[in-house]
Amino acid sequence: MERTREQIAEAANKFLQQRRYDKAAAELRCLVDTDPKDLRAKLRLAEILAKTGALQEATARYRQVADVYAEQGFPMKAIAALRQVLLFDDHAAQIHLELGQLHHQRGQEAECLRHFGHAAAFFQQAGDEGKALVALKKMVELRPDDVQNRVQLAKLFVAHGKIEQAVVQLRGTVRYLERNNDVAQARQLASWAVELAP
């Protein structure tokens, strides 16, 4: 005889009370399988998976929930779901990138920049310069007057053979520095731009 969702949920709760997390996770998977739209069950499953050390699956479940919340127009709930991942993996570059995008949608520039900055740094540490480039570009779009980020972006463009884009960043930075009377740094970056594109 097939069990009802209530019976499955009851079994999951019983196993949770007994701290038999593997069994509870199995029951919660059944619950999610019977209704993939049950976000509360997915969140509980993700939480239990994190407790049992199944961090990759927990991350995937939290991201699934966050995607649905974002699509439904609930960015704060999506942010809350993704933040759970950072509790067990603060260096999750992709999660920081997604959090940056969600905070950008909400107009929360400081949080957005913080997460994009973490994403860029962690992608670089992992050797994924392409994704680091994406995060840095987003930071420069938000704060075109941040010289350090623009120079870092130019360096990444050079590393990827995108010389023309590096020169555009450098020339824009030079103009900004000249307007703000930082002549020494402007000259230094201008000469670098000339070396790249004589």
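Residues numbered from 1 in each chain as written. Predicted model: local features only at pLDDT ≥ 70, side-chain atom pairs only at ≥ 80, totals over all residues. Heavy atoms only, no water.

Participant: Where do I start with the side chain of H115 in this structure?
Facilitator: Along the chain, H115 turns up in helix α7 (residues 109-125). By relative accessible area, H115 is classed as buried at 1%. (Helix = DSSP H or I, 4+ residues; strand = E, 2+ residues; numbered from the N terminus. Buried < 20%, exposed > 50% of the residue type's maximum accessible area, 1.4 Å probe, protein only.)

Participant: I'm lost on the packing of helix α10 (residues 163-179) against helix α11 (residues 183-196) in this one. Help?
Facilitator: Between two packed helices, what matters for the description is the angle formed by their axes and the separation of those axes. Contact pair α10 / α11: the axes reach a minimum separation of 9 Å and the direction vectors enclose 160 degrees. Relative to α11, the element α10 lies roughly antiparallel. The interaxial crossing formed by α10 with α11 has left-handed handedness. Contacts between α10 and α11 involve I163, A166, V167, L170, T173, V174, L177 and E178 from the former and Q185, A186, L189, A190, W192, A193 and L196 from the latter. A breakdown of the residues in the contact of α10 with α11 according to their chemical character gives 12 nonpolar, two polar and one charged. (Axes fitted to C-alpha atoms, helices over the stretch in contact; angles between N-to-C directions. Parallel < 35°, antiparallel > 145°, perpendicular 65-115°, else oblique. Left-handed = near helix turned anticlockwise from the far one by under 90°. Contact = heavy atoms within 4.5 Å. Nonpolar A, V, L, I, M, F, W, Y, C, P; charged D, E, K, R; others polar.)

Participant: I would appreciate a short explanation of the packing of aromatic side chains in the present structure.
Facilitator: For any pair of aromatic rings, the description rests on two quantities: the centre-to-centre distance and the angle between the ring planes. Counting across every chain of the model gives zero aromatic pairs. Of note, K14 hangs over the ring of F15, and the distance from its end group to the ring centre comes to 5.4 Å. (Phe/Tyr/Trp six-rings, centres within 6.5 Å; stacked < 30°, edge-to-face > 60°. Lys NZ or Arg CZ within 6 Å of the ring centre and 35° of its normal.)

Participant: I tried to follow the packing of helix α4 (residues 55-71) against helix α5 (residues 75-88) on my own but got confused; where do I start?
Facilitator: Between α4 and α5, the shortest axis-to-axis distance is 7 Å and the interhelical angle comes to 165 degrees. The orientation of α4 with respect to α5, classified from their angle, is roughly antiparallel. At the point where α4 passes α5, the crossing takes the left-handed sense. When α4 is examined against α5, the residues L55, A58, T59, Y62, R63, V65, A66, Y69 and A70 are found in contact with a partner set consisting of P75, K77, A78, A81, L82, Q84, V85 and F88. Class assignment for the residues of the contact of α4 with α5 results in 13 nonpolar, two polar and two charged.

As far as function goes, none of this settles anything; it's purely spatial.
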